[in-house]
Amino acid sequence: MNSNVSHADLLELSRSLQSAALGRDVDVIHTELCSLRNALVRHIRDESALFQDFSPAVDSVVRRGQQQLLRSIDEILAHADEADDECLCVAKVSRLTRAIARQASLEHHLMKVHG
């Protein structure tokens, strides 16, 4: 894969975000979320041509998953400064980390099978 941002990089960024969420520092959470979002956008851009070469159904599944990850990050960003429910932030970040791992696994499997 020719991506400058690997699946491992995204997973590492999501783990850093989890640590920030547990530390409950809103500024650090915001910084980590922005870093993760920027890396994910670069990753999606780098992979876009690869999945376009697969069937439209495969391409659609990958793109939907990637767009859902971006929406999840945006949703957390929109509410990261609402300190009244810190546990909710930790839970959302944990779900996001699991979703990134699932998406990475899906993409890796598809590249192995179809690539």
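The following refers to the structure shown. A quick note: this is a predicted structure, and the numbers were derived from the prediction, not measured.

Within the secondary structure layout, Q66 lies in helix 3 (residues 56-79). Residue class for Q66 comes out buried when judged on its relative accessible area of 4%. If we skip the residues at most four places from it in the chain, Q66 touches L40, I44, E47, Q103 and E107.

Another point: the pattern of salt bridges. In total, this model carries five salt bridges according to the counting rule given. We note a salt bridge from D74 to R37, for which the minimum N-O separation is 2.5 Å. Taken together, the residues D74 in helix 3 and R37 in helix 2 (residues 26-52) connect sequence positions 37 residues apart. Overall, D74 belongs to the partly exposed group, its relative accessible area being 31%. Ionic pairing is found between D59 and R63, a salt bridge with its closest N-O pair at 3.1 Å. Of the two residues, D59 and R63 are both situated in helix 3; the distance of four residues between them amounts to about one turn of the helix. Its relative accessible area of 15% is what places D59 among the buried residues. On the accessibility criterion, R63 (29% relative accessible area) is partly exposed.

Grouped together as the largest cluster of nonpolar side chains are 22 residues, with contacts concentrated most on L10, L17, I29, L33, L36, L40 and L96. Of all the secondary-structure elements, those providing two or more residues to this core are helix 1 (7-23), helix 2, helix 3 and helix 4 (86-114). Those residues in contact with L96 that lie beyond four places of it in its chain are L17, L36, L69, S72, I73 and I76. With six residues, the next largest nonpolar core counts F51, F54, V62 and M111 among its residues.

A few words now on helix 2. Under the 1.5 Å per step criterion, the end-to-end length of helix 2 is 38 Å for 27 residues, consistent within 8% with the ideal 39 Å. Roughly 35° is the biggest bend found in helix 2, and it falls at D46. Three or more residues of helix 2 are buried, namely I29, E32, L33, L36, A39, L40, H43, I44, E47 and F51. Where helix 2 starts, the residue carrying a side-chain oxygen 3.1 Å from the main-chain nitrogen of D27 turns out to be D25.

This next bit is on the packing of helix 2 against helix 3. Where helix 2 meets helix 3, the closest approach of the two axes is 10 Å, and the angle between their N-to-C directions is 170°. One way to sum up the angle between helix 2 and helix 3 is to call them roughly antiparallel. Between helix 2 and helix 3 lies a crossing whose hand is left-handed. Residue-level contacts link H30, L33, C34, L36, R37, L40, V41, I44, E47, S48, F51 and Q52 of helix 2 to D59, V62, R63, Q66, L69, L70, I73, D74, I76 and L77 of helix 3. Split into classes, the residues belonging to the contact of helix 2 with helix 3 amount to 13 nonpolar, four polar and five charged.

Rules and cut-offs
- Residues numbered from 1 in each chain as written.
- Predicted model: local features only at pLDDT ≥ 70, side-chain atom pairs only at ≥ 80, totals over all residues.
- Heavy atoms only, no water.
- Helix = DSSP H or I, 4+ residues; strand = E, 2+ residues; numbered from the N terminus.
- Buried < 20%, exposed > 50% of the residue type's maximum accessible area, 1.4 Å probe, protein only.
- Contact = heavy atoms within 4.5 Å.
- Salt bridge = Lys/Arg side-chain N within 4 Å of Asp/Glu carboxyl O.
- Core = buried A, V, L, I, M, F, W, Y, C linked by side-chain atoms within 4.5 Å.
- Expected span 1.5 Å × (residues − 1).
- Bend = angle between axes of the 7 residues up to and from the residue.
- Polar contact = N/O pair within 3.5 Å; in protein donor to acceptor, adjacent residues only side chain to side chain.
- Axes fitted to C-alpha atoms, helices over the stretch in contact; angles between N-to-C directions.
- Parallel < 35°, antiparallel > 145°, perpendicular 65-115°, else oblique.
- Left-handed = near helix turned anticlockwise from the far one by under 90°.
- Nonpolar A, V, L, I, M, F, W, Y, C, P; charged D, E, K, R; others polar.

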